Amino acid sequence: MEKIYITTAIPYVNGVPHVGHALDYLLADTCSRYQKMLGNDVRFQAGTDEHGNKIFQKAKELNVPVQEYVDENAKKFQDFIHLLGAEYTDFVRTTDKDHEKRVQEIWKKLSDHIYLAKYEGWYCTGCERYITDKEYEENHGVCPDHQKPYEKLAEENYYFRLADFKDKIREAISSHEILILPEFREKEILKLLDDSPDVSISRPKSQLTWGVPVPDDENQVMYVWMDALSNYITVLGYPDKDISDFWPAYAQFVGKDILRFHTILWPAMLMALGLPLPKTIVSHGMILVNGQKMSKSIGNVVDPLEVLDKHGTEAFRYYFLRHIDTFADSDFTWDKFEDAYNNELANDLGNLVQRLATMCKKNGFSLSDAPEIEISKEYQDLMNEFRFKDAFDFAWDKVQNINKKIDDKKPWVLAKENKEKELSEVLKELVTDITEVNKLLSPFLPETSDKIAKIFVNEIMPPETPLFPKK
RNA sequence: CGCGGGGUAGAGCAGCCUGGUAGCUCGUUUGGCUCAUAACCAAAAGGUCGUUGGUUCAAAUCCAACCCCCGCAACCA
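Calculation rules
Residues numbered from 1 in each chain as written. Chains lettered and ligands numbered in written order. Predicted model: local features only at pLDDT ≥ 70, side-chain atom pairs only at ≥ 80, totals over all residues. Heavy atoms only, no water. Axes fitted to C-alpha atoms, helices over the stretch in contact; angles between N-to-C directions. Helix = DSSP H or I, 4+ residues; strand = E, 2+ residues; numbered from the N terminus. Parallel < 35°, antiparallel > 145°, perpendicular 65-115°, else oblique. Contact = heavy atoms within 4.5 Å. Near = heavy atom within 4 Å. Polar contact = N/O pair within 3.5 Å; in protein donor to acceptor, adjacent residues only side chain to side chain. Nonpolar A, V, L, I, M, F, W, Y, C, P; charged D, E, K, R; others polar. Expected span 1.5 Å × (residues − 1). Bend = angle between axes of the 7 residues up to and from the residue. Salt bridge = Lys/Arg side-chain N within 4 Å of Asp/Glu carboxyl O. Buried < 20%, exposed > 50% of the residue type's maximum accessible area, 1.4 Å probe, protein only. pLDDT = per-residue confidence, 0-100. Pairing = 2+ DSSP bridges. Phe/Tyr/Trp six-rings, centres within 6.5 Å; stacked < 30°, edge-to-face > 60°. Core = buried A, V, L, I, M, F, W, Y, C linked by side-chain atoms within 4.5 Å. Right-handed = clockwise from strand over helix to strand, strands pointing away.

A. Structural view of the packing of helix 10 (residues 304-323) against helix 11 (residues 334-362). The contact between helix 10 and helix 11 brings their axes to 10 Å, and the two run at 80°. Taken as axis vectors, helix 10 and helix 11 run roughly perpendicular relative to one another. Along its contact with helix 10, which presents Glu 306, Val 307, Lys 310, His 311, Glu 314, Ala 315, Phe 316, Tyr 318, Tyr 319, Arg 322 and His 323, the element helix 11 presents Trp 334, Lys 336, Phe 337, Glu 338, Ala 340, Tyr 341, Glu 344 and Leu 345.

Below, the structure written as structure tokens:
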């Protein structure tokens, strides 16, 4: 039995749960359930990123205490994860006192690689942020959102000296000590690594109050990444506890937009702490709508809660794990979702369960013990390579094969001709087949898999209502 | 010449690394079956594999150039 640690990205809680978050949770959950199926001991982290100005301001706008605001939002995300049928073991919030204390200790341990420097740049008082030189030129020195000219400002920030680790990181990535998936992202990151400057990791308190104070400097507050990335180890108890049981992580799931932080700054932090690097960073794509990025301004945002409400957890998991590519950007449309539901979940699988169970019942066939199942090598290889969509396809192919086999063996003919022995052999074979497929489906569709398992053991009874009624 | 991904049937994709009859799902048409959720099974139609050139007995696949789409370019799920 191995100890497996799986992590998800912690969403920034200034908004509601998004389909993109769902994808992250589902991939991690599928991985986790598969590992548990193999008999491994799994810890599955989830959490929320709760510091920063945006959250502070949003709470002020709503006129609620900031802590109350983040409490509410953290709850929304926890509920969301449950709705997805994902089972985490640990939930970390960056406002947890333990986390805050541990991040400060981590900061101290990193101090050899941290220095204070002056940052100077163009600043918009409306946006309350610095903008890049390029942006300055494009907007001709005036903020388009606030119609105010940018101001030249200077402030002191702490920086993390990434330069100390670049060579080692390049080596770790190239040698696959830390494996980046999909493969093509590795090139992208290696190139990016070369151009990466030291990272600004604090803000003056005058600018940012809602965050973890920098130890031994009351004028500075930690800024997002140091705080957020640490969650993966603070939740395990680092540095108060020995985390070597579960660290290094078996897999860390992230969106492609934040892959760079997880493959550049994060390994650098770990190296500085003397901790081993995560084995795999899995970067998934974005979910598009008709080929376009979802955005509030275009107004094409798909609310995952609406999808869950209309079609339920299992249909949601089915679409997002099989029709959304594990690694690349893919489309969500209601048409595609509904086609997949009706043609595949209802017709292929739901109907198969119905017809086979009915057949068994009509002919008085039952199995006292669940048949022994071996998990196919091909499926395991795909799962071990995090190719969940392909593994799901592999399982689905078997679903279709059972439908073919039924047509081929024609049990109803055997029944009419009273070939009881032959009929019972055929049914036994079919029930064994469906039990096997069901096992392969269980990391993806846990609830359905449970139901099917119950139907085909002891006295076989078709479900009273179809598993997936057509819509 | 910033970096990366992609262009294969009406749609969505696989195949490319390791050249050898172009494949899968959906959709369309036709046939079969009756155990099942008007489901299931089979067959057919449908492609100059972005363009041009090169290597080769042989190129979707390897090489070169070009065209087009899409991401990223440091607070974005």
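B. Here's a closer look at the protein's contact with RNA strand B. Taken together, 42 residues sit near RNA strand B, with Tyr 223, Arg 260, Asn 351, Arg 355 and Met 359 positioned nearest. Atoms of RNA strand B within 4 Å of the protein belong to the sugar or the phosphate in 60% of instances, the rest to bases. Taking Lys 256, its side chain carries an N or O atom lying 2.7 Å from a sugar or linking oxygen of RNA strand B. Within the residue set of the surface near RNA strand B, elements represented by two or more residues are helix 1 (19-37), helix 7 (183-194), helix 9 (259-273), helix 11 and helix 13 (388-409). If one sorts the elements of the surface near RNA strand B by residue count, helix 11 sits on top with twelve residues. Taken together, the residues of the surface near RNA strand B break down into twelve nonpolar, twelve polar and 18 charged.

C. The arrangement of helix 9 in detail. The first and last C-alpha atoms of helix 9 sit 20 Å apart over 15 residues, in line with the 21 Å expected at 1.5 Å per residue. The principal kink in helix 9, of about 30°, is found at Trp 266, preceding the proline Pro 267 by one to four residues.

D. Examining the pattern of salt bridges more closely. For the structure on display, the rule yields 30 salt bridges. Across the salt bridge formed by Asp 167 and Arg 170, the nearest N and O atoms sit 3.1 Å from each other. Taken together, the residues span about one helical turn, with Asp 167 and Arg 170 both in helix 6 (residues 166-174) at a distance of three residues. Judged by its relative accessible area of 28%, Arg 170 falls in the partly exposed class. Salt bridges sharing common partners tie together Asp 29, Arg 33, Lys 36, Glu 87 and Arg 317.

E. The confidence of the model for chain A, seen in detail. Taken residue by residue, chain A gives an average pLDDT of 90. The fraction at 70 or more is 96%. Scored by ipTM, the complex comes to 0.89, with pTM at 0.93.

F. Main features of the sheet that holds strand 7 (residues 179-181). Sheet architecture is open: six strands sit in the order 3-2-1-11-12-7, paired in parallel fashion. Of all the strands in the sheet, the pair left with one neighbour each is strand 3 (90-93) and strand 7. Looking at each pair of strands side by side, their axes are set apart by 20° on average, direction ignored. When strand 11 (residues 251-255) meets strand 12 (residues 280-284), the two strands line up parallel, connected through four bridges. Counterpart to Val 254 in the pairing with strand 12 is Ser 283. Those strands touched by helix 3 (residues 66-83) are strand 2 (41-48) and strand 3, and its axis lies near 155° from that of strand 3.

G. Up close: the packing of aromatic side chains. Counted by the stated rule, this structure contains 28 aromatic pairs. Aromatic side chains Phe 316 and Phe 320 sit 4.3 Å apart centroid to centroid with 15° between the ring planes, which places their arrangement in the stacked category. In this pair, Phe 316 and Phe 320 are both assigned in helix 10, four residues apart and thus about one turn of the helix distant. Side by side, Phe 316 and Phe 320 carry an identical accessibility label, which is buried. The interplanar angle of 55° and the centroid separation of 4.9 Å between the aromatic rings of Tyr 318 and Trp 396 together place this pair among those described as tilted. Residue Tyr 318 is found in helix 10, and its partner Trp 396 is found in helix 13; the two are separated by 78 residues along the sequence. Take Tyr 318: its relative accessible area is 1%, and that puts it in the buried class.

H. Quick peek at the environment of Phe 316. Judged by relative accessible area, which is 0%, Phe 316 ranks as buried. A sequence separation of 102 residues divides Phe 316 from Asn 418, and the C-alpha atoms of the two residues are 43 Å apart. Those residues in contact with Phe 316 that lie beyond four places of it in its chain are Ala 22, Leu 26, Leu 84, Pro 304, Val 307, Leu 308 and Phe 337.

I. Representation of unusual backbone geometry in the model. Across the junction of Leu 181 and Pro 182, the peptide omega takes the value -5°, indicating a cis bond. In this fold, Pro 182 is placed in the loop between strand 7 and helix 7. Pro 239 follows Tyr 238 through a cis peptide bond whose omega is 0°. On the secondary structure map, Pro 239 appears in the loop between helix 8 (225-234) and strand 11. We note that His 176 has phi near 65°; this positive angle belongs to a residue other than glycine. Turning to its location among the elements, His 176 is positioned in the loop between helix 6 and strand 7.

J. Region of the structure containing the sheet that holds strand 13 (residues 287-289). Spatial ordering of the open sheet is given by 14-13-15, a layout of three strands whose pairing is mixed. What marks the edges here is a single partner per strand, and that holds for strand 14 (292-293) and strand 15 (330-331). Sheet topology places strand 13 next to strand 14; two bridges connect them, and they run antiparallel. By the bridge assignment, Val 289 is partnered in strand 14 with Gln 292.

K. Quick peek at the nonpolar core. If you look at the biggest cluster of nonpolar residues, it comprises 94 residues, and the most contacted ones within it are Phe 253, Leu 349, Tyr 379, Phe 386 and Phe 456. With twelve residues, the single largest contributor to this core is helix 11. In this view, Phe 456 contacts Val 353, Leu 356, Ala 357, Val 431 and Ile 434; residues no more than four positions away in its chain are not counted.

L. Expanded view of the pairing of strand 11. The buried fraction of strand 11 is high, at five of five residues. Residues Ala 251, Phe 253 and Gly 255 of strand 11 are buried on one face, and the alternating residues Gln 252 and Val 254, pointing to the opposite face, are buried as well. Pairing of strand 1 (residues 3-8) with strand 11, which is carried by three bridges, proceeds in the parallel orientation. Paired with Thr 7 across the strands is Gln 252, a residue of strand 11. Regarding topology, helix 9 serves as the crossover connection from strand 11 to the parallel strand 12, and that connection is right-handed.

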